[in-house]
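Residue-level structural notes
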Amino acid sequence: MKEALITDIWTVIVEHISERQRKNAAVEFVNVLQDHGIKETMLESLVGVDPYLDFALEAVIGDEDEDYDDE
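Note that the coordinates shown come from a computational prediction; the quantities given were computed from them, not determined experimentally. (Residues numbered from 1 in each chain as written. Predicted model: local features only at pLDDT ≥ 70, side-chain atom pairs only at ≥ 80, totals over all residues. Heavy atoms only, no water.)

1. Examining a nonpolar patch on the surface
Where we set the bar: Patch membership needs two things, relative accessible area over 30% and no salt bridge, and members are linked within 9 Å if like-charged or within 5 Å if nonpolar (Val, Leu, Ile, Met, Phe, Trp, Tyr). All accessible-area figures derive from a Shrake-Rupley calculation using a 1.4 Å probe, and residue coverage is judged against the displayed protein chains alone. When a carboxyl oxygen of Asp or Glu lies within 4 Å of a side-chain nitrogen of Lys or Arg, that pair is called a salt bridge. Runs of E in the DSSP output that reach at least two residues are strands. Runs of H or I that reach at least four are helices, and both are numbered from the N terminus. Exposed residues in this analysis have more than 50% of their type's maximum accessible area, buried residues have under 20%, and partly exposed residues fall in between, with area computed by a 1.4 Å probe over protein chains only.
On the surface, a nonpolar cluster with roughly 300 Å² of combined accessible area is contributed by Leu-5, Ile-9, Val-12 and Ile-13. Structurally, the position occupied by Leu-5 is in helix α1 (residues 3–14). Under the relative-accessibility criterion, Leu-5 is labelled partly exposed at 42%.

Quick look at the structure:
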């Protein structure tokens, strides 16, 4: 999946999500992308698209980095 497509999908759906639900929706969106094999480098390229998406990327990818450091 291309970065532009992921960005377009998020931009369209976020407009239909209430402000208070956007952080949770963004985290779920990033998790689904990962579940479908989107590589971390692709996810990292999405930083700056949207503040909610930035939060989710840090929460999801940051958690993985912390898990790796613990081993």
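2. What about the packing of α1 against helix α2 (residues 22–35)?
Applicable threshold: Lines are fitted to the C-alpha atoms to define the axes, a helix being fitted only along its stretch in contact, and any angle between axes, read from their N-to-C directions, falls within 0 to 180 degrees. Every angle not falling under 35 degrees, over 145, or within 65 to 115 is termed oblique; those three ranges are roughly parallel, roughly antiparallel and roughly perpendicular. Crossing handedness is read from the near helix: turned anticlockwise from the far helix by less than a right angle, it gives a left-handed crossing, and turned clockwise, a right-handed one. Residues count as neighbours in contact if any of their non-hydrogen atoms are within 4.5 Å of one another.
Where α1 meets α2, the closest approach of the two axes is 12 Å, and the angle between their N-to-C directions is 150°. Of the possible angle classes, the one that applies to α1 and α2 is roughly antiparallel. Crossing handedness for the pair α1 and α2: right-handed. For the pair formed by α1 and α2, the contact residues are Ile-6, Ile-9, Trp-10, Ile-13 and Val-14 on the first element and Arg-22, Ala-25, Ala-26, Phe-29 and Leu-33 on the second.

3. Considering the side chain of Arg-22
For Arg-22, the location among the structural elements is in helix α2. Note on Arg-22: relative accessible area 15%, which makes it buried. If sequence neighbours within four positions are ignored, Arg-22 has contacts with Trp-10, Val-14, Glu-15, Ile-17 and Tyr-52.

4. Remarks on α2
Just so we agree on the cut-off: Helix span is expected to be 1.5 Å times the residue number reduced by one. By arc we mean the arc of the directions from the helix axis to the C-beta atoms, nothing more.
An ideal rise of 1.5 Å per residue puts 20 Å on 14 residues; α2 measures up with 20 Å between its terminal C-alpha atoms. Here α2 has its buried residues at Arg-22, Ala-26, Phe-29, Val-30 and Leu-33. Seen end-on, α2 carries its buried residues on one side only, within an arc spanning 95°. Relative to its buried face, α2 has exposed residues pointing more than 90 degrees away, namely Asn-24 and Asp-35. Looking at the residues trailing α2, positive phi occurs at Gly-37, about 85°.

5. What to know about the nonpolar core
Put simply, the test is: Buried Ala, Val, Leu, Ile, Met, Phe, Trp, Tyr and Cys residues form a nonpolar core when they are joined through side-chain atoms within 4.5 Å.
Core analysis: the biggest nonpolar cluster contains 16 residues, and Trp-10, Val-30, Leu-33, Leu-43, Leu-46, Leu-53 and Leu-57 have the highest contact counts within it. When contributions to this core are tallied by element, the ones reaching two or more residues are α1, α2 and α4 (51–70). In this view, Leu-53 contacts Trp-10, Ala-26, Phe-29, Val-30 and Leu-46; residues no more than four positions away in its chain are not counted.

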